[in-house]
Amino acid sequence: FIVLNRYALITNCNHKTLGLYYLWFSFIFGSYGFLLSVILRTELYSSSLRIIAQENVNLYNMIFTIHGIIMIFFNIMPGLFGGFGNYFLPILCGSPELAYPRINSISLLLQPIAFGLVILSTAAEFGGGTGWTLYPPLSTSLMSLSPVAVDVIVIGLLVSGIASIMSSLNFITTVMHLRAKGLTLGILSVSTWSLVITSVMLLLTLPVLTGAVLMLLSDLHFNTLFYDPTFAGDPVLYQHLFWFFGHPEVYILILPGFGVISHVISTNYSRSLFGNQSMILAMSCIAILGSLVWAHHMYTTGLEIDTRAYFTSTTILISIPTGTKVFNWICTYMGSNFGITHSSSLLALLFVCTFTFGGTTGVILGNAAIDIALHDTYYVIAHFHFVLSIGAIIALFTTVSAFQENFFGKHLRENSIIILWSMLFFVGVILTFLPMHFLGFNVMPRR
């Protein structure tokens, strides 16, 4: 796979090659983030074992901060949105290439730069142990943490955001102006629409995150007081700005996975997806509603009762289009000769099961009265890992399994994929994250 030409990575603008590079970057970055999580779980498995030196009390915080940032921004997004999107979007809409191939190449090259900046933060004094959310006043304190580490993380996120915005513009322009003649928007596939909706969400929410972290940098170095409560600033303002991006980000991660799973189920069972148009409408509703519920991450900050009632009802409302998608997938299975015909069939089925379970716990947490009790406990960790760590990663595995001949030019052994990727991974994550629900109900704090 690695092209021998030493300038290939820099000069190549072919959408398929760049899609493969995205997948390889996702694998490399994700492996790093996964190893960090292994350190965390090893540290926590026994109350007496301490593999992280006590002299550096911030090291544990730094590890889960970097783990969260890497898995979200450098594993799932480059894999599903960058890899699957770059490789298949022009094919799905009948275009010979993306609208701006050179910009596509630049977007790819910015990813390792951003990753390198985030990793560089670990070498700065104490590291940036602020959590992946970078909440002030912890991230703006000049005494408790290293401001240099926070600076480098913020700059890395800004670079990654620029790459995502360029890719989003590229995808939207390609679909709107370069699709094949006669291929109207109404007959585009669910996979294509999932990438378009994801691109629109990125364009709407990333500028808000950019403004929030630039204000944070300004507080750190230019004597502004946006988030300093001592001088009438408001640290909760940062939470509003961050989660206005942060909650749509969850759907930005999972929507391309919806497209992959829909494509795989439809292809493997040789029939059209049940309720094809309703799937597209459901994804649009999820995107709109998902952008209006950001403060359900902030129930414990003192929101008034009417505000909590709005965010509770709107959050639970998202379960309607989400349930539509799940029922459509199940009905597609029911209308066919159901059987595990391919490893991707099994992975798609595992995705439907785990995503449904994770979404159910999300409805529970969306209720303000319950969330106040469960906020910042292990129940929250279990919920979003079922949706992302299991759901999105299984969607990424499904992509590689279903299109391995396109990607690698050869077919791997089905038994090895089913045993290693599917069953061992599935059993492992179930054993890891399922008990966390019980820890959360026993009010064990997440940090």
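Note that the structure is predicted; figures quoted are calculated from it, not measured.

*Asks:* Help me get a handle on the environment of Tyr 238, residues and values and all.
*Replies:* Mapped onto the secondary structure, Tyr 238 falls in helix 7 (residues 235-268). When its relative accessible area of 0% is taken as the criterion, Tyr 238 is described as buried. Sequence separation of Tyr 238 and Thr 133 is 105 residues, and the distance between their C-alpha atoms is 9.7 Å. A distance of 2.8 Å separates a polar side-chain atom of Tyr 238 from the backbone oxygen of Thr 133.

*Asks:* Account for the pattern of salt bridges, with residues named and values stated.
*Replies:* Going through the model one piece at a time under the given rule, you end up with 1 salt bridge. Salt-bridge contacts for Asp 376 lead to Arg 446; the nearest nitrogen and oxygen are separated by 3.4 Å. With Asp 376 in the loop between helix 12 (368-374) and helix 13 (378-402) and Arg 446 in the segment after helix 15 (414-441), this residue pair connects regions lying 70 residues apart in the sequence. The partly exposed category is assigned to Asp 376, whose relative accessible area is 36%.

*Asks:* So what's going on with the side chain of Thr 399? Residues and values would help.
*Replies:* Note that Thr 399 resides in helix 13. In this structure Thr 399 touches Leu 80, Phe 84, Val 260 and Phe 407, once residues within four positions along its chain are discounted.

*Asks:* Help me get a handle on the packing of helix 5 (residues 147-177) against helix 6 (residues 190-221), residues and values and all.
*Replies:* With their axes 8 Å apart at the nearest point, helix 5 and helix 6 run at an angle of 155° to one another. By the criterion of interaxial angle, the relationship of helix 5 to helix 6 is roughly antiparallel. Like other packed secondary-structure pairs, helix 5 and helix 6 cross with a definite hand, here left-handed.

*Asks:* Requested: an account of a nonpolar patch on the surface, with residues and values cited.
*Replies:* On the surface, Trp 24, Phe 27, Ile 28 and Phe 408 cluster together into a nonpolar patch covering about 400 Å² of accessible area. The dominant element in the nonpolar patch, judged by the number of residues it contributes, is helix 2 (residues 15-44), at 3 residues. You can see Phe 408 is positioned in helix 14 (residues 404-408).

*Asks:* Just give me the short version of the side chain of Lys 325, but keep the residues and values in it.
*Replies:* Tracing the backbone shows Lys 325 in helix 10 (residues 319-334). No salt bridge is formed by the buried Lys 325. Its closest oppositely charged neighbour is Glu 249, at 18 Å. Those residues in contact with Lys 325, other than ones at most four positions away along the chain, are Phe 258, Met 279, Ala 282, Met 283 and Ile 286.

*Asks:* Outline the packing of aromatic side chains, listing residues and values.
*Replies:* What the rule picks out here adds up to 37 aromatic pairs. Considering the side-chain rings of Tyr 87 and Phe 88, the 4.8 Å spacing of their centres and the 55° angle between planes classify their relative orientation as tilted. Taken together, the aromatic side chains of Phe 73, Trp 132, Tyr 135, Phe 226, Tyr 227, Tyr 238, Phe 242, Trp 243 and Phe 245 make up a single cluster linked through ring pairs.

*Asks:* Go over the packing of helix 3 (residues 59-92) against helix 5 with me, naming the residues and quoting the values.
*Replies:* Remark: helix 3 packs on helix 5, axes separated minimally by 12 Å, with the N-to-C direction vectors making an angle of 20°. When the axes of helix 3 and helix 5 are compared, the pair comes out roughly parallel. Crossing angle aside, the handedness with which helix 3 passes helix 5 is left-handed. Here Ile 66, Ile 69, Phe 73, Phe 74, Met 77, Phe 81, Gly 85, Asn 86 and Leu 89 of helix 3 come into contact with helix 5, specifically with Ile 153, Leu 157, Ser 160, Ser 164, Ser 167, Ser 168, Phe 171 and Val 175. In the contact of helix 3 with helix 5, the residues fall into 11 nonpolar, 6 polar and no charged.

*Asks:* Just give me the short version of helix 7, but keep the residues and values in it.
*Replies:* Over its 34 residues, helix 7 runs 50 Å from end to end, which matches the ideal 50 Å to within 8%, given 1.5 Å per residue. The largest bend along helix 7 reaches roughly 30° and is located at Trp 243. Of all 34 residues making up helix 7, 25 are buried, and the element is well covered by its neighbours. Where helix 7 begins, one side-chain oxygen reaches toward the backbone nitrogen of Val 236, 3.0 Å away; that side chain belongs to Asp 234. Of the residues flanking the end of helix 7, it is Ser 270, one or two places downstream, whose phi is positive at about 50°.

*Asks:* Help me get a handle on the state of the cysteines, residues and values and all.
*Replies:* By the definition in use, this model includes 0 disulfides. The thiol of Cys 93 is not disulfide-bonded; the next cysteine sulfur, from Cys 13, is found 18 Å away. Note on Cys 93: relative accessible area 0%, which makes it buried. Cys 285 forms no disulfide, and the closest cysteine sulfur to it belongs to Cys 331, at a distance of 18 Å.

*Asks:* I'd like a description of the nonpolar core, backed by residues and values.
*Replies:* Counting residues in hydrophobic clusters, the biggest one holds 125 residues, and the most contacted among them are Ile 70, Phe 73, Phe 74, Phe 258, Trp 329 and Phe 351. Looking at this core, the element that brings in the most residues is helix 3, giving 19 residues. Three or more residues apiece are contributed to this core by two domains, here domain 1 (1-233) and domain 2 (260-446).

*Asks:* Give a detailed account of the domain arrangement of the protein, specifying residues and quantitative values.
*Replies:* Here the protein is partitioned into domain 1 (1-233) and domain 2 (260-446). Its C-alpha centre places domain 1 at a distance of 21 Å from the equivalent point of domain 2. On the domain 2 side, the residues contacting the 23 residues of domain 1 number 25 residues. Between the two partners, domain 1 and domain 2, sit 0 salt bridges. The tally of links from domain 1 across to domain 2 stands at 2 residue pairs in polar contact (both at pLDDT 80 or more). In terms of residue count, helix 3 provides more of the side of domain 1 that touches domain 2 than any other element does, 9 residues in total. Of the residues assigned to the side of domain 1 that touches domain 2, the class counts are 15 nonpolar, 7 polar and 1 charged.

*Asks:* Describe the confidence of the model for the protein, listing the residues and the values that go with them.
*Replies:* Chain-level pLDDT for the protein is 89 on average; 95% of the residues reach the 70-or-more range. The weakest mean pLDDT in the protein belongs to helix 1 (residues 8-11) at 70; the strongest belongs to helix 9 (residues 305-317) at 95.

Definitions and cut-offs
Residues numbered from 1 in each chain as written. Predicted model: local features only at pLDDT ≥ 70, side-chain atom pairs only at ≥ 80, totals over all residues. Heavy atoms only, no water. Helix = DSSP H or I, 4+ residues; strand = E, 2+ residues; numbered from the N terminus. Buried < 20%, exposed > 50% of the residue type's maximum accessible area, 1.4 Å probe, protein only. Polar contact = N/O pair within 3.5 Å; in protein donor to acceptor, adjacent residues only side chain to side chain. Salt bridge = Lys/Arg side-chain N within 4 Å of Asp/Glu carboxyl O. Contact = heavy atoms within 4.5 Å. Axes fitted to C-alpha atoms, helices over the stretch in contact; angles between N-to-C directions. Parallel < 35°, antiparallel > 145°, perpendicular 65-115°, else oblique. Left-handed = near helix turned anticlockwise from the far one by under 90°. Patch = residues over 30% accessible without salt bridge, like charges linked within 9 Å, V, L, I, M, F, W, Y side chains within 5 Å. Areas by Shrake-Rupley, 256 points an atom, 1.4 Å probe, with all protein chains shown as cover. Lys, Arg positive; Asp, Glu negative; His and termini not counted. Phe/Tyr/Trp six-rings, centres within 6.5 Å; stacked < 30°, edge-to-face > 60°. Nonpolar A, V, L, I, M, F, W, Y, C, P; charged D, E, K, R; others polar. Expected span 1.5 Å × (residues − 1). Bend = angle between axes of the 7 residues up to and from the residue. Disulfide = S-S within 2.5 Å. Core = buried A, V, L, I, M, F, W, Y, C linked by side-chain atoms within 4.5 Å. Domains from an automatic or database assignment. pLDDT = per-residue confidence, 0-100.

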